[in-house]
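Each chain, letter by letter, is given below.
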Number of protein chains: 2
Amino acid sequence: MKRVSIKDVAKKAGVSASTVSYVLNRTPTETISPETTKRVMDAVEKLGYVPNLNARSLASKYSNLIGVLIPQTEPGKEFMFSNPFYGELLSAIEYTARQNGYHLLLSGTQEDQSYMGIAQNRDLDGIIIVGTYPGENLYQLKRLGVPIVLVDSYVKDKDFYTVGIDDRKGARLATDYLIKKGHKKIAFISGSIRENGVNIKRWEGYCDAMKEAGLSINEDAIYSGNVDYNYGLIAAKQYIDRGKNQTAAFITADVISIGVLKGLIQHGVNVPEDFSIVSFDGVYLARMSYPSLTTVSQDIAGKGKRAVQLILDATGNKEKSYTDCVLPLRLVERDSVRELRCE
Amino acid sequence: MKRVSIKDVAKKAGVSASTVSYVLNRTPTETISPETTKRVMDAVEKLGYVPNLNARSLASKYSNLIGVLIPQTEPGKEFMFSNPFYGELLSAIEYTARQNGYHLLLSGTQEDQSYMGIAQNRDLDGIIIVGTYPGENLYQLKRLGVPIVLVDSYVKDKDFYTVGIDDRKGARLATDYLIKKGHKKIAFISGSIRENGVNIKRWEGYCDAMKEAGLSINEDAIYSGNVDYNYGLIAAKQYIDRGKNQTAAFITADVISIGVLKGLIQHGVNVPEDFSIVSFDGVYLARMSYPSLTTVSQDIAGKGKRAVQLILDATGNKEKSYTDCVLPLRLVERDSVRELRCE
DNA sequence: TCTAGTTACTGAAACGTTTAAGTAATAATT
DNA sequence: AATTATTACTTAAACGTTTCAGTAACTAGA
């Protein structure tokens, strides 16, 4: 299966290989006559020539490839996407990249693992890392000298671009909403609360709101586990076991909320009649459930788009603008919250 | 940002570049002494050398890259993954690939678009194409001479490997189940019914079951649209508008079912009390809903795994075994079906 | 008319690997 | 002791591009 190379095109067009390259890349410093251009393009067409991007990237240090690292949420398990948020984000990244002639090199990551092998390998033009934490495996990547975009990370380092949201404010928005609706005993249900992670920010936002409203935060109102459906089931069970001491919850991810919803119903607790939920993310799932979820909705598509654009801009040598990108949030009211009348 | 190359390692270890290459690739025909091996490995370690896979693949025609093409379900829209099935499948593919030292080159596809540009570019070791239809853009790819795995396609061509399920049998399984539960008027709700697609097979399976049971298929029991949540809402509305003439439905995708579920509830039709649903796929979503869905469940993880393995085996020159891979199905009983007592 | 500039190319090195073929030293066979 | 094998390497070509540094022909300026 002989592949057609630039030399074949050159021969057919009766020019040198470099001329073909110049024609194809419209290098602005070179001047090629219209007739030659046409002859080359005809040959390209006729032979069905597609440049080999491996060779191009080897020669030019420019690969049209963006690496995307998404955490493997359950180590050892097959499903990287136990949270649909990742799928939607990836989808937006892929779409934007493709619109701009880029492709994606996708890899799941475990935290203990070096990112280097994945990243150094192929002269990537940029790397998008989702939800990572500070650590050596991350800082190593700086050596590559390519733009790196951190999505949803609280890593403080000027060498990285970031795309995120104001998690603290968002959590506050959610909690305030419940308070406004008359709730006083509000649970906090989230994934694991780790330093420099999004959940700790959301926890802070929750505390902000509670404190400002003069409400106390009881130990037994705090639930923390994995960010997945199963944990939602577990949290619901715990809520029952602990004695149903809250009338509402702020839940930091829609997937968890869906699990909680299911768990509660199984135990005869109805949402929103008996229990109100405001959650976070705004994935598609949030509108699919019954009742649908009132949630702090992120612009997930915007997040992916921005991440790619930051890399494109950085590659195109534009000034490092928007180096930290904070996207807006809005609370979407749906059906999972009941207004509590004052007793 | 000087990258360290094989020559740097060679110099440091006091050997030639080819020796380093031989050490690293454990080429079986070459013999390298233990001492040299150690010296090279030490140098690699010390310099933090990682081979450039672009160069490797240029020289060796072997890239450790698998291309994955997933249909962009809604052209022009950002979400390639409007059906969570794709996310789960991709996830399994990624995991298996990574376990074997491969990475994924991901691209969404529109049907009218040539696959060539995406695929020829980078000396892929194999290509996995999800849910495609016969067409020139597909057959062109044969020229590349790399193994191609078609997932969920009814393309008859011995040059492709396939991984799929028996859609017809699965649909029959679903419909039979409803019939066994006493239903006689059973709707068929699916994505667009196209030649050589999965939906036409599922339609056939539905017909098989109905015919065998001596049940008639009414025009107004057939619903066809997109494979997404929104279409489910629409179908539910149509069901109401057409006069609620069925007691149950076989729905060909869980996402659609979720939409139908929601649409019905909004119109006061309860599942399973007033209407029963058996659907297809077995995505996570199916257990998350309320009521959870009785569904014909595929081994999605197995599908992804098999697809990757077929490529690995083909690359490793093993005999073309399992060239057509049909994975098992099973009906998972959950809460969306009610038994109809005979009247 | 001579020099300097411009236009439209070409030649060849370079990118970082792999791998076929070659070589020198030592070991085994006759 | 001479020949053949084996071991442990090295050399150099090749993979398919890009791009720097020419170069030849023509044009413009003095």
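Structure's up top.
Asker: Describe the nonpolar core, with residues and values.
Answerer: Core analysis: the largest hydrophobic core is formed by 143 residues, its most contacted members being Ile128(A), Ile189(A), Ile128(B) and Ile189(B). Setting aside chain neighbours within four positions, we find Ile128(B) in contact with Ile66(B), Gly67(B), Val68(B), Leu69(B), Ile93(B), Val149(B), Val151(B), Ala307(B), Val308(B) and Ile311(B). Membership of the second largest hydrophobic core comes to 32 residues, among which are Leu65(A), Ile148(A), Met116(B) and Phe160(B).

Asker: Explain the interface of chain A and chain B residue by residue, including any values.
Answerer: Across the contact, 61 residues belong to chain A and 63 residues belong to chain B. Taken together, the two surfaces of chain A and chain B that pack against each other cover about 5,700 Å², and 56% of this comes from carbon and sulfur. Inspection of the chain A/chain B interface yields 2 salt bridges. Close ionic contact of Asp123(B) with Arg3(A) constitutes a salt bridge, the shortest N to O distance being 2.4 Å. Elements that contribute at least two residues to the side of chain A that touches chain B include exactly helix H4 (53-60), helix H5 (84-99), strand S2 (103-109), helix H6 (116-120), helix H11 (254-266), helix H12 (285-288) and helix H13 (300-315) of chain A. In terms of residues, the side of chain A that touches chain B owes the most to one element, H5(A), which gives 8 residues. Taken together, the residues of the side of chain A that touches chain B break down into 27 nonpolar, 20 polar and 14 charged. Where S2(A) lies against strand S2 (residues 103-109) of chain B, 3 bridges are found, and the strand directions are antiparallel. Bridge pairing in S2(B) places Leu104(A) opposite Leu106(B).

Asker: Please give an account of the sheet that holds strand S10 (residues 294-298) of chain A that cites residues and values.
Answerer: All names here are of chain A. On the basis of which strands lie adjacent, the open sheet formed by 6 strands has the order S7-S6-S8-S9-S10-S12 and mixed pairing. Edge positions in the sheet fall to strand S7 (222-225) and strand S12 (329-332), since each of these pairs with one other strand and no more. Ignoring strand direction, the axes of neighbouring strands in this sheet form an average angle of 15°. Sheet topology note: the strand S8 (residues 248-251)/strand S9 (residues 276-281) ladder contains 3 bridges and is parallel. Bridging across to S9, Phe250 finds its partner in Val278.

So, how was this worked out
Residues numbered from 1 in each chain as written. Chains lettered and ligands numbered in written order. Predicted model: local features only at pLDDT ≥ 70, side-chain atom pairs only at ≥ 80, totals over all residues. Heavy atoms only, no water. Core = buried A, V, L, I, M, F, W, Y, C linked by side-chain atoms within 4.5 Å. Buried < 20%, exposed > 50% of the residue type's maximum accessible area, 1.4 Å probe, protein only. Contact = heavy atoms within 4.5 Å. Buried area = accessible area lost by both parts, 1.4 Å probe. Salt bridge = Lys/Arg side-chain N within 4 Å of Asp/Glu carboxyl O. Helix = DSSP H or I, 4+ residues; strand = E, 2+ residues; numbered from the N terminus. Nonpolar A, V, L, I, M, F, W, Y, C, P; charged D, E, K, R; others polar. Pairing = 2+ DSSP bridges. Axes fitted to C-alpha atoms, helices over the stretch in contact; angles between N-to-C directions.

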